[in-house]
Amino acid sequence: MNPVKIVIAGPRGRMGSEAVKMVSNTEHFKLVAVIDYKYEGHMLSDLEGFHSINNVPVFTNIETCMQNVESDVLIDLTTPEVGMHHARTALQYNVRPVVGTTGFTKADLDELEGICRDKKLGCIIAPNFALGAVLMMKFSQMAAKYFSDVEIIELHHDQKLDAPSGTAVKTAEMITAVREYKHQGHPNEKETINGARGAELDGMHIHSVRLPGLVAHQQVLFGSDGQTLSIRHDSYNRASFMSGVKIAVETVMKQDNFVYGLENILE
Ligand code: NAP
C-alpha cells in the first residue's frame, strides 16, 4: 500500500508539532511538505525541534506548495482565517483537508461542504480530535433526552483565540438536536454585570474560562429536581488529539463528502 502523502500547515504550533511527530512515526503516512509563513526557502530540518526530519520542504503559501508537491491530505492546525484559505485551496487542488483549526463560521463550513459536493472529495473538520471529548459530547446528547436544563463550561489555555470553543458549540448543537427549545433560568433574570450568564445558544448557556496552565477541558452540567449530572472531559496535552487526527486522515482518503465532527466517522 502506498503511504498517504501529507502536508501539515502550522508545524511550529503546539498542535502542528505533535502532528509532525505523529505523521513521521506512522508507517503508512509520509510527510511531504509543511506550510509555515515565516520560513521561505527552508527545509523542516532547519527549524528548531525538527532537526531529525529530513527531506521535507517548507512552503510559505499553500498555492506554491500544491503546485510543487504531490499530496493526498492537508492537515491544518493554524488560525481560522488562514485555515479556511488552506482548506479551500487544498480542495481546489484535489487534496483532502483534515482540519483541527477551530473558529470556522457556519458560512465557512457551508462553503467547504459545497466544494466537496461539487468535487466529490472528502474533507473532515473536527473541533475536537480527542476521542474522550467525542464520547463526552455523545453522552451529553444521551443525557439531554432526560435532562432538559444544561449549562456548558469550557476551560482552555489563555492563548486560545476563539470563544466559546468549537467543542462547546458542537456539544450545544448536538443537545439542540434532541431537546425542545427551552429558555433556561428565571424568565425575569437580569445580569448586573454584562456576560454574567455567559453566551446563549438555543436557550442554553455556555461559559468560557481562559487560564494559563489549562489545555482543553469541558464540563457539561445537567440539573433537574433534586439532582445534577456532570459529564467532564480533560485533555492534559496535545498528544491526546493525535489518535483522532490519525483516524481522520485514514478515513478522509475513503470519503467523497464533507464531515464536521469526529463523532460522525467513529464506528
Ligand atoms: P498555536 O500553537 O498558536 O499554533 C498555530 C500555528 O499556526 C503557529 O505556529 C502559527 O505561527 C501558525 N500560523 C499562523 N499563521 C500561519 C500561516 N499563514 N501559515 C502557516 N502557519 C501559520 O495554536 P495551537 O494550540 O497549535 O492550535 C492551532 C489550532 O488548533 C487552533 O485553532 C486551536 O483552537 C485548534 N485546536 C484544535 C484542537 C482539535 O482537537 N481540533 C485541539 C487543540 C487546538 P506563529 O505562531 O509564528 O504565528
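This one's a predicted model, so the numbers in the text were calculated from it and none came from an experiment.

**Q** Explain the side chain of Asp76 here, please?
**A** On the secondary structure map, Asp76 appears in strand 4 (residues 73-76). Separated by 2.5 Å, the side chains of Asp76 and Thr101 make a polar contact. Here Asp76 is in contact with Ala9, Gly83, His86, Val98, Val99, Gly100 and Thr101, once residues within four sequence places are set aside.

**Q** Help me understand the site of the ligand in this model?
**A** Neighbouring the ligand are 23 residues; Met15, Tyr37, Lys38, Thr102 and Phe129 lie closest to it. Lys38 places a side-chain nitrogen or oxygen 2.6 Å from an oxygen atom of the ligand. One nitrogen or oxygen atom from the side chain of Thr102 is found 2.7 Å from an oxygen atom belonging to the ligand. Against a free-state accessible area of 920 Å², the protein chains account for coverage of 81% of the ligand. In this structure the site holding the ligand corresponds to the largest pocket. When residues of the shell around the ligand are traced back to their parent elements, those giving at least two are helix 1 (14-24) and helix 3 (80-92). A class-by-class count of the residues in the shell around the ligand yields nine nonpolar, eight polar and six charged.

**Q** Hey, could you run me through the packing of aromatic side chains in this one?
**A** Each aromatic ring pair is characterised by the separation of its centres together with the angle its planes make. The final tally for this structure, using the stated rule, is one aromatic pair. A ring pair is formed by Phe147 and Phe222, whose centres lie 6.1 Å apart and whose planes are at 55°; its orientation type is tilted. Of the two residues, Phe147 sits in the loop between helix 5 (131-144) and strand 7 (149-156) while Phe222 sits in strand 10 (residues 216-224), which places them 75 residues apart along the sequence. Per residue, the accessibility class of Phe147 equals that of Phe222, and both read buried.

**Q** Explain the nonpolar core to me, please; I cannot follow it from the model alone.
**A** Note on soluble globular proteins: their nonpolar side chains tend to be buried together. Within the largest apolar cluster, 54 residues are counted, with the highest numbers of intra-cluster contacts made by Ile6, Ile8, Leu31, Leu44, Ile75, Phe222 and Val249. Counting residues per element, this core draws most heavily on helix 5, at six residues. Aside from chain neighbours lying at most four places away, what touches Ile8 is Gly16, Ala19, Val20, Val23, Leu31, Ala33, Val34, Ile35 and Ile75.

**Q** Just checking my understanding: could you explain unusual backbone geometry for this structure?
**A** Residues other than glycine predominantly adopt negative phi, and peptide bonds predominantly adopt the trans conformation. Ala163 connects to Pro164 through a cis peptide bond whose omega is -5°. Tracing the chain through its elements places Pro164 in the loop between strand 7 and helix 6 (166-176). Here Asn55, not a glycine, exhibits a phi torsion of approximately 60°, which is positive. Note that Asn55 resides in the loop between strand 2 (29-35) and strand 3 (58-59).

**Q** Would you mind going over the layout of surface pockets with me for this structure?
**A** Sizing a probe to match a water molecule and rolling it over the atoms shows the empty space that remains. Taken as a whole, the largest pocket spans an internal volume of roughly 950 Å³. Along the walls of the largest pocket sit 37 residues, with Arg14, Met15, Leu77, Thr78 and Thr79 positioned nearest its centre. When residues of the lining of the largest pocket are traced back to their parent elements, those giving at least two are helix 1, helix 3 and helix 6. Looking at the lining of the largest pocket, its residues break down into 14 nonpolar, 17 polar and six charged. Considered as a void within the structure, the second largest pocket measures approximately 340 Å³ in volume. Contributing to the lining of the second largest pocket are 21 residues, with Phe104, Leu109, Val169, Glu173 and Tyr260 lying nearest its centre. Elements with a contribution of two residues or more to the lining of the second largest pocket: helix 4 (106-119), helix 6 and strand 12 (258-260). Considering each element in turn, the lining of the second largest pocket owes the most residues, four residues, to helix 6. Residue classes in the lining of the second largest pocket are distributed as ten nonpolar, six polar and five charged.

**Q** It is not clear to me how the sheet that holds strand 1 (residues 4-9) should be interpreted in this structure. Could you clarify?
**A** Taken together, the seven strands give an open sheet; going across it, the order is 3-2-1-4-5-6-12, and neighbouring strands pair in parallel fashion. Since the sheet does not close on itself, it has two edges, and those belong to strand 3 and strand 12, each with one partner. Sitting on the sheet, helix 1 is in contact with strand 1, strand 2 and strand 4, with an inclination near 150° to strand 2.

Rules used in this analysis
- Residues numbered from 1 in each chain as written.
- Predicted model: local features only at pLDDT ≥ 70, side-chain atom pairs only at ≥ 80, totals over all residues.
- Heavy atoms only, no water.
- Helix = DSSP H or I, 4+ residues; strand = E, 2+ residues; numbered from the N terminus.
- Polar contact = N/O pair within 3.5 Å; in protein donor to acceptor, adjacent residues only side chain to side chain.
- Contact = heavy atoms within 4.5 Å.
- Near = heavy atom within 4 Å.
- Areas by Shrake-Rupley, 256 points an atom, 1.4 Å probe, with all protein chains shown as cover.
- 1 Å grid on protein atoms, 1.4 Å probe; cavity = no way out; pocket = protein on both sides within 12 Å on 5 of 7 lines; lining within 4 Å.
- Sits in = over half its atoms within 2 Å of the grid points.
- Nonpolar A, V, L, I, M, F, W, Y, C, P; charged D, E, K, R; others polar.
- Phe/Tyr/Trp six-rings, centres within 6.5 Å; stacked < 30°, edge-to-face > 60°.
- Buried < 20%, exposed > 50% of the residue type's maximum accessible area, 1.4 Å probe, protein only.
- Core = buried A, V, L, I, M, F, W, Y, C linked by side-chain atoms within 4.5 Å.
- Points joined across faces, edges and corners; volume = space filled by probe spheres on them.
- Pairing = 2+ DSSP bridges.
- Axes fitted to C-alpha atoms, helices over the stretch in contact; angles between N-to-C directions.

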